[in-house]
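A closer look at the structure
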Amino acid sequence: MGENAVKTKMVNLLYGRQGLQVRLPGICQGHWIRKGRLPVLQDLSAACLKALNSPVGCPPLREVARGGRTACILVCDITRPVPNASLLPPVLAELGAAGVGRDQITVLIATGLHRAAPEEEKRSIVGDEAYSEVRVENHHAEDDASHVRLGMSSGGIPALLDRRFVEAEVRIVTGLVEPHFMAGYSGGRKVVVPGVAHRDTILPLHAPPLMEHPRATSCVLDDNPLHREQLEIAGMVGPVFGVNVVLDEERRGVFVSAGALVESHLQAVEVARRISEVRVGRKFHTILTSAGGFPLDKTYYQTIKGMVTPLGILEPGGTVVVVSECSEGVGSAGFRDAQVRLVQLGPQGFLAQISSAERPKIDQWQTEKLAQALCRAQIHLYAPTLPELDWGLLGVHRARDPMGAVEEAVARSGDVAVAVIPEGPYVIPFP
C-alpha cells in the first residue's frame, strides 16, 4: 500500500491482542505507511502441503524423510506469531507417510537466549495437534550437555547447536519471514542460529563489531555479517528442510515456501520484500508507531524493535512515539542490567563501555540498538501497564497520552506531517 496522506484522523495501532484506537490531533496531517497487499491464502494448511510437495532446491519432504527414523522440527518461540497450527499438521502428515513415527518426532522451540515456554504456552505455540501427538520441548542455550560442537566459523565463532536437532535424521525448520533489525530478515537460518545455538555461539554473534556494522540492519542480507555467520554455522549441520510463511497486516498467510533451507528462505524473502519494504519519498519530524502488537509487544525488550526500525525516515533530532502493551514487563535480568547501565552512563557512555568490553553480556545488544537510536531521536513510549518502578530503567520519555506526545512533537518541530506506522517493525519505510 505504501505511504499516503489521508483525511481520517482515526488511527488503529497494533497493541496487545485488541489494538489501540486513537485520534490524531486536529493540527496534524497523517501519512499512513502500511504493508502492500497480496491475495490471502484461504487454506493455509493446503498451501503448506502443496509447498511440501513442490519444494525449491531439494526433493519433496516425503522423499527427504523416507528411511529416516527420527525427526526434529524447529519452531519459533512466543515472540513470533507463526501460524504453526496450520503449518505443522501437513508436515507431520508427510513425515508419517514417509514412515517416521509420531513418537520419534520432536518439536523443538527455538528460544535462543529467550525464556523457556511454560507448558500452557507450548500448546499455543504449536497448536493442538502437534502438542497432543509429538514431544514439544524447549531449547536451553546454557545447558552445555545438550549441545554438539560442529567446529568454528570463518569469523571465529564456535558452532555449538542443540543435540536434538543435530542428531535427528530428518531436520526441519519452520518460521515467519519478516524484516529483522539486525539480521535483515527473520526465519530460515535464524531459527537455527541463534534459535537452537549455545550461549557461547549466541554471544559473539551479538558483539559490537557485528551489531554496529552498517549492513547488520533491516532488510539487508547481502554483505550482512550477522547473516553470513548464521548461514555458515547453520550449514555445518547438513541438509535442513525449510518451511517459511509470510503474513499480511491482519496476520493472515499470503505465501508459503518449502525446500532447502537457504533457497526456500530466499524465496519467501523476495515475497516479504514486496509488501514490507515501503518507499516513502521523504522524511518526517514525527513518527507514530507500534511495537507490532501481540506477541511482539509482550516485553520492553522486544518493543525496542519498533523504536529502531522507522529511523530511516526520521529527520535528525525528530520524535518517535511508540505504543506497546509490555504485558510481561521489561524483559530478562541481563537486559535489565544493560538498561541500568544505559541510564547511568547515557547512550554515548554505554556504547563506549560495551565497545571496550572483551565479551558481550546477555541481551545487552537490544540496549545497544536503543542507545544508537537515542543518539538520533527523542523516543516516547506509551505503555500504561508497566509498573511504576520500571520506568526508571527504560531510558526513554514516558508518554501518558500518545496523542499528547504527538502534538508536543509537532509543536517542537513546526511540521504538521506525522508518519503513522500501525504495524510497527513489520513494515520498513525508506525515504
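The preceding data block contains the structure.
A quick note: this is a predicted structure, and the numbers were derived from the prediction, not measured. (Residues numbered from 1 in each chain as written. Predicted model: local features only at pLDDT ≥ 70, side-chain atom pairs only at ≥ 80, totals over all residues. Heavy atoms only, no water.)

1. Some remarks on the sheet that holds strand E5 (residues 71–76)
Spatially, E7-E6-E5-E10-E13-E14 is the arrangement adopted by the six strands of the open sheet, whose pairing is mixed. Single-partner strands in this sheet number two, and they are strand E7 (135–138) and strand E14 (253–260). The average undirected angle you get between the axes of adjacent strands in this sheet is 20°. Examined bridge by bridge, strand E6 (residues 105–110) and E7 share four bridges and lie parallel to one another. Across the sheet, Leu108 pairs through a bridge with Glu137, a residue of E7. Across the sheet, helix H3 (residues 84–97) is in contact with E5, E6, strand E10 (170–176) and strand E13 (241–247); its angle to E5 comes to roughly 170°. Each of E5, E6 and E7 touches helix H4 (residues 119–126); the most contacted strand, E7, lies at about 115° to it. (Pairing = 2+ DSSP bridges. Helix = DSSP H or I, 4+ residues; strand = E, 2+ residues; numbered from the N terminus. Axes fitted to C-alpha atoms, helices over the stretch in contact; angles between N-to-C directions. Contact = heavy atoms within 4.5 Å.)

2. Observations concerning helix H10 (residues 225–235)
Every buried residue belonging to H10 is among Pro225, Leu226, His227, Glu229, Gln230, Ile233 and Ala234, and all of these are buried. Looking at the buried positions of H10, the neighbouring elements they touch are strand E9 (158–162), helix H7 (189–192), helix H8 (199–205), helix H9 (208–211) and helix H11 (261–276). Where H10 starts, the residue carrying a side-chain oxygen 3.0 Å from the main-chain nitrogen of Leu226 turns out to be Asn224. (Buried < 20%, exposed > 50% of the residue type's maximum accessible area, 1.4 Å probe, protein only. Polar contact = N/O pair within 3.5 Å; in protein donor to acceptor, adjacent residues only side chain to side chain.)

3. What about the nonpolar core?
Of all hydrophobic cores here, the largest spans 111 residues; its most connected members are Ile73, Leu95, Tyr300 and Leu381. Setting aside anything within four residues of it in sequence, one finds Tyr300 in contact with Met307, Cys326, Gly329, Val330, Phe335, Gln339, Leu370, Leu381, Leu394 and Val396. One finds Val11, Tyr15, Met403 and Ala405 within the second-largest nonpolar core, a separate group that totals 19 residues. (Core = buried A, V, L, I, M, F, W, Y, C linked by side-chain atoms within 4.5 Å.)

4. Examining the pairing of E5
The side chains of a regular strand alternate, residue by residue, between the two faces of the sheet. With six of six residues buried, E5 lies mostly within the body of the structure. Here E5 shows two buried faces, one formed by Ala71, Ile73 and Val75 and the other by Cys72, Leu74 and Cys76. As defined by bridge partners, E5 adjoins E6 across six bridges and the pair is classed as parallel. Paired with Val75 across the strands is Ile109, a residue of E6. In the sheet, E5 pairs with E10 via four bridges, with the strands oriented parallel. Considered in E10, the bridge of Ile73 is made with Ile172.

5. Quick word on the environment of Ala352
Along the chain, the position of Ala352 falls in helix H13 (residues 333–356). In this structure, the C-alpha to C-alpha distance between Ala352 and Asp144, residues 208 residues apart in sequence, is 31 Å.

6. Here's the deal with the state of the cysteines
Following the criterion strictly, the structure yields zero disulfides and no others. Residue Cys76 stays outside any disulfide, its sulfur separated by 13 Å from that of Cys72, the closest cysteine. With a relative accessible area of 11%, Cys76 lands in the buried category. (Disulfide = S-S within 2.5 Å.)

7. Overview of the pattern of salt bridges
Counted according to the given criterion, the structure contains 27 salt bridges. The partner of Glu94 in a salt bridge is Arg62, with the nearest N and O atoms 3.0 Å apart. Here Glu94 is found in helix H3, whereas its partner Arg62 is found in helix H2 (residues 61–65), with 32 residues between them in sequence. The partly exposed category is assigned to Arg62, whose relative accessible area is 33%. The salt bridge involving Arg80 is made with Glu178; its shortest N-O contact spans 3.1 Å. Here Arg80 is found in the loop between E5 and H3, whereas its partner Glu178 is found in the loop between E10 and strand E11 (179–180), with 98 residues between them in sequence. Assessed through its relative accessible area of 12%, Arg80 is described here as buried. Since its relative accessible area comes to 7%, Glu178 is described here as buried. Bridged by salt links that share partners, the residues Arg115, Glu121, Lys298 and Glu328 form one connected network. (Salt bridge = Lys/Arg side-chain N within 4 Å of Asp/Glu carboxyl O.)

Everything listed here is a matter of geometry and, on its own, says nothing about what the molecule does.
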